[in-house]
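Listed below, chain by chain, are the residues.
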Amino acid sequence: MSTDPAPNPHATADEVAAALHDRKLANVLYHDWEAGSYDEKWSISYDERCITYAADRFRYAAGEGGWPYEHALELGCGTGFFLLNLMQAGVAKRGSVTDLSPGMVQTALRNAQGLGLDVDGRVADAETIPYPDATFDLVVGHAVLHHIPDVELALREVLRVLKPGGRFVFAGEPTTVGDFYARRLGALTWKAATTITRLPVLAGWRRPQEELDESSRAAALEAVVDIHTFDPAELEETARRAGAGDARVVTEEFTAAMLGWPVRTFEAAVPPGKLGMGWAMFAYRSWQRLSWLDQNVLSRVVPRGWFYNALVTGTRSR
């Protein structure tokens, strides 16, 4: 029988108040609250679209050498987006997932079971990974390092549980400059969408007020759980100090992030299903075109620290 704690998707006011002064508790409460709707909120799927996305991120950071890895761990797994799609792409054969949030671990395991993937999971703190030394061939994570208080300690733990020669890849980490413009674009979009939909003629485009209020409370916790932004050179140095060999950071999404953040914020502000498949395809194809522009043109002239996403990789020395 599992000894993991049970999810707590309905935190009390006292628990939320306490979480404002305890980043790890905030992460648990926020992500337990989000677990049931996270895939919908971020347009996460486990089909060809997201399989390709995950594999391309991995390939961009670390190439294709070593595929398939025998046993991979996802740190801060969320709903399992990164590892489950990487496994479907053939990057890893067997998986383990960990997260500080019991709700997220449950959701990731449920998603894995639905996909027929060989995955186990545990509730765990990234700063004290509960696996023996040299357990995994690969450790991955997506949008997790910026939630961890001591990133260098977590990377030391990652290297400890990797086998000699094993690799880690963490993607989706916000750069300092990218976070600056993304948050402001998101905040302006939220204000505009929730203001204009007060007009009677647009009432059908407005979420119920209680849902908007709940989203605002979640946003207050989100400001607590997002601890770090990263300068690419400093993140490389952090990985080296932790003991990583071949530490390398690449970045992506400049114009794509300037589109993506307003789009996702607008989608969160209107009732589910209101925008339809036409909107979804427009948003996705526009993001693809801008991502191509960023990678093939702007990456040659724009400093890497101006792009929104940082991806860091390294290896455990043999």
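Residues numbered from 1 in each chain as written. Predicted model: local features only at pLDDT ≥ 70, side-chain atom pairs only at ≥ 80, totals over all residues. Heavy atoms only, no water.

Colleague: Before we go on, may I ask you to explain the packing of helix α2 (residues 23-34) against helix α6 (residues 102-115) in this structure?
Modeller: At a minimum axis distance of 7 Å, the contact between α2 and α6 shows a crossing angle of 40°. Compared by their axis directions, α2 and α6 come out oblique. Residues V28, H31, D32 and E34 of α2 form the contact with α6, whose participating residues are P102, G103 and M104. Among the residues forming the contact of α2 with α6, the class breakdown is 3 nonpolar, 2 polar and 2 charged. (Axes fitted to C-alpha atoms, helices over the stretch in contact; angles between N-to-C directions. Helix = DSSP H or I, 4+ residues; strand = E, 2+ residues; numbered from the N terminus. Parallel < 35°, antiparallel > 145°, perpendicular 65-115°, else oblique. Contact = heavy atoms within 4.5 Å. Nonpolar A, V, L, I, M, F, W, Y, C, P; charged D, E, K, R; others polar.)

Colleague: Looking at this structure, how should I read α6?
Modeller: In an α-helix there are 3.6 residues to a turn, and that puts residues three or four apart on one side. Counted at 1.5 Å a residue, the expected span for α6 with its 14 residues is 20 Å, and the 20 Å between its end C-alpha atoms agrees. Among the residues of α6, those classed as buried are P102, G103, M104, V105, T107, A108, N111 and A112. Contacts made by the buried residues of α6 are with α2, α3 (38-41), α5 (81-88), β2 (92-99) and β3 (119-123). (Expected span 1.5 Å × (residues − 1). Buried < 20%, exposed > 50% of the residue type's maximum accessible area, 1.4 Å probe, protein only.)

Colleague: Is there a simple way to think about the nonpolar core in this case?
Modeller: Among soluble globular proteins, nonpolar side chains are generally buried collectively. Membership of the largest hydrophobic core comes to 33 residues, with the highest contact counts inside it found for F58, F81, F82, L86, L138 and V140. Looking at this core, the elements with two or more residues in it are α4 (48-62), β1 (69-75), α5, β2, α6, β3, β4 (136-142) and β5 (162-174). Setting aside its immediate chain neighbours within four residues, F58 contacts G63, W67, Y69, L86, V91, L138, V140 and V169. Y131, A154, L162 and F230 belong to the second-largest nonpolar core, a separate cluster that totals 28 residues. (Core = buried A, V, L, I, M, F, W, Y, C linked by side-chain atoms within 4.5 Å.)

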